[in-house]
Amino acid sequence: MYKTMLVFAAVSGILVVALGAMGAHVLRDHFHLAEQNLQVYETAVRYQAYHTLALAGMSLWILQFPSKTGEWAGRLFMTGIILFSGSLYFLALRPVLGIADDQMKWIGAITPLGGLSFIGGWICLLLFALKLKK
């Protein structure tokens, strides 16, 4: 599982840099995305970056200290990145994708599920840390 987590973290890290640059330059300057949409997009990038780093660290920790709880932390961080950041990217980019603001708002209901996944991942990390014997 650690390899899957580390590969996911590496790909996510690449995406964080690319999507962050796109948000800072292309979306603001070329597409003239509204400030509210830019803030939502930046939140998605920021949370993806935080949890990508946590996932990378977690993958290396479970390599050293194998743990089902640690693996669950990684799974939940990956799920959170996909659900939380993914739904926010979609919501922020609706104008660029040609989707009206009143269309597909239900995607916003996915965001809290991603947030719960992040919280669950941090709880698993806490449990993992409390179980360490070294």
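Scroll up a little and you will see the structure.
Not measured: the values here are computed from a predicted model.

### Concerning the nonpolar core
For soluble globular proteins, the rule of thumb is that nonpolar side chains tend to be buried together. Core analysis: the largest hydrophobic core is formed by 30 residues, its most contacted members being Tyr41 and Met58. Of all the elements in the fold, those that place two or more residues in this core are α1 (2–30), α2 (35–64), α3 (68–97) and α4 (111–131). Leaving out residues up to four positions away in the same chain, methionine 58 has contacts with Met5, Gly70, Ala73, Gly74, Leu125 and Phe128.

### Overview of the pattern of salt bridges
Evaluation of the coordinates by the stated rule reveals 2 salt bridges. A salt bridge links glutamate 71 to lysine 68; the nearest nitrogen and oxygen atoms lie 3.7 Å apart. Highlighted residues: glutamate 71 and lysine 68, both in helix α3, separated by 3 residues, approximately one helical turn. The exposure class of lysine 68 is exposed, given its relative accessible area of 60%.

### Quick look at α3
Of all the bends in α3, the largest measures some 35° and sits at leucine 91, one to four residues before the proline proline 95. Immediately downstream of α3, the backbone of glycine 98 shows phi near 80°, a positive value.

### Thoughts on the environment of serine 59
With respect to the secondary-structure elements, serine 59 resides in helix α2. A relative accessible area of 0% places serine 59 in the buried class. C-alpha separation for the pair serine 59 and alanine 9, spaced 50 residues apart in sequence, amounts to 8.8 Å. Excluding anything up to four places from it in sequence, serine 59 contacts Tyr2, Met5 and Leu6.

About the thresholds
- Each residue is numbered by its place in its chain's sequence as written, counting from 1.
- This being a predicted model, a pLDDT of at least 70 is required before a residue's local features are given, and a value of 80 or more before pairs of side-chain atoms are given or counted; all residues contribute to the totals for chains, interfaces and linings.
- Water and hydrogen atoms were dropped before computing side-chain values, which therefore reflect all heavy atoms in the structure.
- Here, nonpolar core refers to any group of buried Ala, Val, Leu, Ile, Met, Phe, Trp, Tyr and Cys residues whose side-chain atoms link them within 4.5 Å.
- For each residue, the accessible area found with a 1.4 Å probe, counting protein chains only, is set against the maximum for its type, and the residue is called buried under 20%, exposed over 50%, and partly exposed in between.
- Helix and strand definitions follow DSSP, with helices as H or I runs of at least four residues and strands as E runs of at least two, each counted in order from the N terminus.
- Contact criterion: two residues are considered in contact whenever any of their non-hydrogen atoms come within 4.5 Å of each other.
- Between Lys or Arg on one side and Asp or Glu on the other, a salt bridge is scored when a side-chain nitrogen of the former is within 4 Å of a carboxyl oxygen of the latter.
- What is called the bend at a residue is the angle between a pair of axes, fitted to the seven residues leading up to and ending at it and to the seven starting from it.

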